[in-house]
Amino acid sequence: MNRRSFLKWANLAGLAVGMPATSAFGAAVDDPKSATASSTKKAASPETILLKDYRPKSIYKIPVTEIPKAKFPIIDMHSHPYAKTASEIDQWVATMDEVGVAKTMILTMATGAEFDGIQRKYSKYPERFELWCGFDFAGYDKPGFGPAAVKELERCRQAGARGVGEIHDKGKGLRSGKSNAPGMHPDDPRMEALWEKCGELGMPVSLHVADPIWMYQKMDKYNDGLMNAYEWRLDNQPGIVDLSGMVDIFEHTLARHRNTTFVACHFMNLDYDLARLGEVLERNPNLYADISARYAETGPIPRFASQFYAKHADRLVYGTDMGFDKSMYQVRFRILESLDEHFYENEQFGYHWALNGFGLDDTILQEVYHDNAAKLLAARKT
Ligand SMILES: [Zn+2]
């Protein structure tokens, strides 16, 4: 999922969860001392503030660390063709230089002329961008599916694609950009030839399964991600494979295609259950996980998250998935590198949760920022 879309959340009409009313708050509104400003006070009453509008500011006088540039050079394993024009691409490269990103994987999800067009646009900077292609699922529901899709994959490889992604399955079937295969999941026999060919061509696959757990849960007052959940809700879709089921499907796929390297996007959406992700990583040597677009989901649990990083530092790769603004990168450096506590980044992530830094040590940072991705990319050379 593209988290930039979360920024639209403030326009959501449906997420109307009021703050709990308390007599203390109610009394303040009617306080005669504030009668002069009664109309503005009324508009800002906590009884009418919606969860979606809640923007707390930290009360704590504690250190605030600014990290303009990453401590080590970065390989960003999860981005998309956000820059559309030559000058935007130049601007992106300038920002990458400034913040310390050496190379960015552009997951195009595209095939055919669409892939070729994106590839051409980014070809000015072959050392800074890699283009990954998608799959063409045309005819997936007809007999004989396979050879044409494999042929298009080979053609994209020839045209410069170095990997495949981002391929999605949020529980209803596979999707690669505009190409859909409802009901066909990654472990479907019809996918065998494609996954095998990826291994053969030395093309790693960036695979996104499921979505954050709060999307599958009831949209009620107990939902911890409610401020983001409603727009992306999956709880109301009968027949959808749930998060746990999608993790199982991913594991079947990994076990069946050991010569293909997979990168699970967004901690495989197990950011809420990192212990399970650890077990999946241990069982499957052909798997890495990217940390993209789950900074705000791990920021609330800095101690557990940093223990997880320490334990699986050799299998985690850096990613962003949220455009190319300088501040976008810098917020992520603060979460990974600093030990700052209780800060908000509502505008970027949409949550009202407070975030904390992990203070990862240099060895871990170097592996996650760069070395694991470098190893993964170097291993594919055939
Ligand atoms: Zn993405």
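Draft legend 1. Region of interest: the overall build of the chain. Along the chain, the regular secondary structure elements total 14 helices and ten strands. The 382 residues of the chain split such that 54% are buried. Total accessible area on the chain stands at roughly 17,000 Å², and carbon and sulfur atoms take up 54% of it.

Draft legend 2. Representation of the coordination of the zinc ion within the structure. Protein ligation of the zinc ion involves His78 (NE2), His80 (NE2), Glu166 (OE) and Asp321 (OD), the donor distances falling in the range 2.0 to 2.4 Å. Given four donor atoms and angles of 80 to 168 degrees at the metal, the environment of the zinc ion is assigned as irregular. Mapped onto the sequence, the donors of the zinc ion take the spacing H-x1-H-x85-E-x154-D. A residue pair is termed long-range when its members are at least 10 positions apart, and histidine 80 in the loop between strand 1 (74-79) and helix 3 (86-99) and aspartate 321 in the loop between strand 10 (316-317) and helix 12 (326-337) qualify at 241 residues. Each member of the pair, histidine 80 as well as aspartate 321, carries the same accessibility label: buried.

Draft legend 3. Broad picture of the pairing of strand 2 (residues 101-107). The buried count for strand 2 comes to five of seven residues, which makes it a mostly enclosed element. Note on the crossover from strand 1 through helix 3 to strand 2: the handedness is right-handed. Alignment of strand 2 against strand 3 (residues 129-132), held across four bridges, turns out to be parallel. Looking at the pairing, leucine 107 lines up with tryptophan 132 of strand 3.

Draft legend 4. The pattern of salt bridges, seen in detail. Applying the stated rule across the entire model yields 22 salt bridges. Note that glutamate 152 is salt-bridged to arginine 155, the shortest N-O span being 3.0 Å. With glutamate 152 and arginine 155 both in helix 5 (residues 147-158), this residue pair falls three residues apart, about one helical turn. Residue glutamate 152 is classed as buried on the basis of its relative accessible area, which comes to 15%.

Draft legend 5. A look at the sheet that holds strand 6 (residues 179-182). Judged by pairing direction, the sheet is mixed, and its seven strands sit side by side in the order 6-5-4-7-8-9-10 without closing on themselves. Each of the sheet's edge strands pairs with one partner strand only, and the pair in question is strand 6 and strand 10. Of the pairings in the sheet, the one linking strand 8 (residues 262-264) to strand 9 (residues 287-290) comprises three bridges and is parallel in character. Opposite phenylalanine 262, over in strand 9, you have leucine 287 as the bridge partner.

Draft legend 6. Fine view of the nonpolar core. Counting 100 residues, the largest nonpolar core has Trp92, Phe129, Phe135, Met268, Tyr309, Tyr329 and Leu336 as its most contacted members. Once residues within four sequence positions are removed from consideration, tryptophan 92 is found in contact with Ser79, His80, Tyr82, Ala83, Thr104, Ile106, Tyr122, Phe129, Phe324 and Tyr329.

Draft legend 7. Focus on helix 9 (residues 274-283). Those residues of helix 9 that sit buried are Leu274, Arg276, Leu277, Gly278, Val280 and Leu281. Taken together, the buried residues of helix 9 touch helix 8 (243-256), strand 9 and helix 11 (302-311).

Draft legend 8. Seen up close, the side chain of asparagine 269. Within the fold, asparagine 269 resides in the loop between strand 8 and helix 9. Engagement of the side chain of asparagine 269 in a polar contact is seen with the backbone oxygen of valine 209, the distance being 2.8 Å. A distance of 3.1 Å separates a polar atom in the side chain of asparagine 269 from the backbone oxygen of alanine 210. Setting aside anything within four residues of it in sequence, one finds asparagine 269 in contact with His208, Val209, Ala210, Asp211, Pro212, Leu243 and Arg294.

Draft legend 9. Looking closely at the sheet that holds strand 2. An order of 1-2-3 is seen for the three strands of this open sheet, with the pairing classed as parallel. The sheet is open, and its two edges are formed by strand 1 and strand 3, each paired on a single side. Looking at each pair of strands side by side, their axes are set apart by 15 degrees on average, direction ignored. As defined by bridge partners, strand 1 adjoins strand 2 across four bridges and the pair is classed as parallel. Residue isoleucine 75 lies in a different strand from strand 2, and its bridge partner there is lysine 103. Contacts from helix 3 reach strand 1, strand 2 and strand 3 within the one sheet, and its direction differs from that of strand 2 by about 135 degrees.

Draft legend 10. Fine view of a nonpolar patch on the surface. Residues Ile59, Tyr60 and Ile62 make up a contiguous nonpolar surface patch of about 330 Å² in total accessible area. Residue classification places tyrosine 60 among the partly exposed positions, given a relative accessible area of 48%.

Draft legend 11. Region of the structure containing unusual backbone geometry. The residue after glycine 165, namely glutamate 166, is reached through a cis peptide bond having omega -5 degrees. Position of glutamate 166 relative to the elements: it lies in strand 4 (residues 164-169). Positive phi, close to 50 degrees, is recorded for histidine 342, a residue that is not glycine. Counting through the fold element by element, histidine 342 comes out in the loop between helix 12 and helix 13 (346-349). When its relative accessible area of 27% is taken as the criterion, histidine 342 is described as partly exposed.

Cut-off values and rules
- Residues numbered from 1 in each chain as written.
- Predicted model: local features only at pLDDT ≥ 70, side-chain atom pairs only at ≥ 80, totals over all residues.
- Heavy atoms only, no water.
- Helix = DSSP H or I, 4+ residues; strand = E, 2+ residues; numbered from the N terminus.
- Buried < 20%, exposed > 50% of the residue type's maximum accessible area, 1.4 Å probe, protein only.
- Areas by Shrake-Rupley, 256 points an atom, 1.4 Å probe, with all protein chains shown as cover.
- Donors = N, O, S within 2.8 Å, 3.2 Å for Na, K, Ca; no water.
- Tetrahedral: all angles 85-135°; square planar, octahedral: opposite > 155°, others 65-115°.
- Right-handed = clockwise from strand over helix to strand, strands pointing away.
- Pairing = 2+ DSSP bridges.
- Salt bridge = Lys/Arg side-chain N within 4 Å of Asp/Glu carboxyl O.
- Core = buried A, V, L, I, M, F, W, Y, C linked by side-chain atoms within 4.5 Å.
- Contact = heavy atoms within 4.5 Å.
- Polar contact = N/O pair within 3.5 Å; in protein donor to acceptor, adjacent residues only side chain to side chain.
- Axes fitted to C-alpha atoms, helices over the stretch in contact; angles between N-to-C directions.
- Patch = residues over 30% accessible without salt bridge, like charges linked within 9 Å, V, L, I, M, F, W, Y side chains within 5 Å.

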